[in-house]
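Listed below are the residues making up each chain.
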Amino acid sequence: MTENRGIGFVNRFVRDMGQGGLEIACFPDVATKLVRSLDSDFVTMPAIARMIESEPGLCVRVIGMANSAAFQGGGRAITDARSAVVRIGLRSLRAVILAFAVASLRDRRELKLVQSRIGEVWQGSVSLATLSHMLAMRVRGVDSEGALLGGLMQGVGRIYLLTEAAFDADFREDVEGLDDIVAQWHVGALGKILEQWGFGTNIIEAVVEFHGAGSRSGLADILKTARLFLDHQATPDELKTLLQDFEPAVRLGLTHLDPKEVLETVQKDASVGSALG
């Protein structure tokens, strides 16, 4: 791929950002409609439930999330969309909508060029989200639901750029050039999309900080610590040593953790990952 072709793709991306919005190609209509409805002051819970129930695959995911270990908390099993939304809340509903939409991308023929990469990004996000939630549960004052959402959403910028590239002939024979551009520009896309989708400033700032060198919030520290666990999960003894001097973990007071116990606990409880993966 020539340098000029890469510049053309980036210029189109920057132009789209400046013109007010980024839309992920091939998102299911029900997902787009729901995300927009959640920003409306006039939408009602019954209306949201009806939209969810109109798409069986989405409905199963919403109910699955409500009955996961992260949200059930010993309560009764939920079997209907309205009760599920009440339990998980509108913020987590956005995450489940995204999970459903990303899963649908894997079946779109137009995205064959990038489907494997989208799958890798999403599975990594689900793993990060699950572990971030578990770590946040062990730290007083850190929003565990926010940690779940932050871990899940941090890959959205990459997914956006990958889907855009699938429709750009410049990248069909130059994967390395695409990876370089995604790495350079995905954080900008991430912040813009999460702002459009109505995520709070704390989530947006945390996921942007997660991809940077430093962090100013407990939420970003949780995400960075979870990434350390995932990067070294095959060598828990080495991970235990690294944890002692890892600044985000030190600030959170998590240096005492037994990596083997944490990783085994995550593997045993796959309910959140099942709802999102």
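All figures in this text were calculated on a predicted structure; none of them were measured in a lab.

## Examining the side chain of Ser-37
By the secondary structure assignment, Ser-37 is in helix α2 (residues 29-38). A residue is classified by how much of its surface remains accessible, and Ser-37, at 14% relative accessible area, is buried. Among the polar contacts made by the side chain of Ser-37, one reaches the main-chain carbonyl oxygen of Lys-33 at a distance of 2.8 Å. Setting aside its immediate chain neighbours within four residues, Ser-37 contacts Val-43 and Met-51.

## Considerations on the environment of Gly-198
Relative to the helices and strands, Gly-198 resides in the loop between α10 (175-196) and α11 (201-210). With 35 residues separating them along the chain, Gly-198 and Thr-163 place their C-alpha atoms 21 Å apart.

## Structural notes on unusual backbone geometry
Leaving glycine aside, a negative phi is the common case for residues, and trans is the common case for peptide bonds. Of note, Cys-26 is a non-glycine position whose phi angle comes to about 70°, a positive value. Tracing the sequence through the fold places Cys-26 in the loop between α1 (3-18) and α2. Look at Cys-26 and you get buried, because its relative accessible area is 16%.

## Considering the side chain of Gln-154
Looking at the secondary structure, you find Gln-154 in the loop between α8 (144-153) and α9 (156-166). You can call Gln-154 buried: its relative accessible area is 9%. Within polar-contact distance, the side chain of Gln-154 engages the side chain of Ser-125 at 3.1 Å. The residues touching Gln-154, leaving out its near neighbours within four places in the chain, are Ser-125, Leu-128, Leu-190, Val-207, Phe-210 and His-211.

## A few points about the environment of Lys-112
Its location among the elements puts Lys-112 in the loop between α6 (81-105) and α7 (115-136). Here Lys-112 falls in the exposed class, since its relative accessible area comes to 68%. Along the sequence, Lys-112 and Trp-185 sit 73 residues apart, while their C-alpha atoms lie 22 Å from each other.

Reading the values: rules and limits
- Residues numbered from 1 in each chain as written.
- Predicted model: local features only at pLDDT ≥ 70, side-chain atom pairs only at ≥ 80, totals over all residues.
- Heavy atoms only, no water.
- Helix = DSSP H or I, 4+ residues; strand = E, 2+ residues; numbered from the N terminus.
- Buried < 20%, exposed > 50% of the residue type's maximum accessible area, 1.4 Å probe, protein only.
- Polar contact = N/O pair within 3.5 Å; in protein donor to acceptor, adjacent residues only side chain to side chain.
- Contact = heavy atoms within 4.5 Å.

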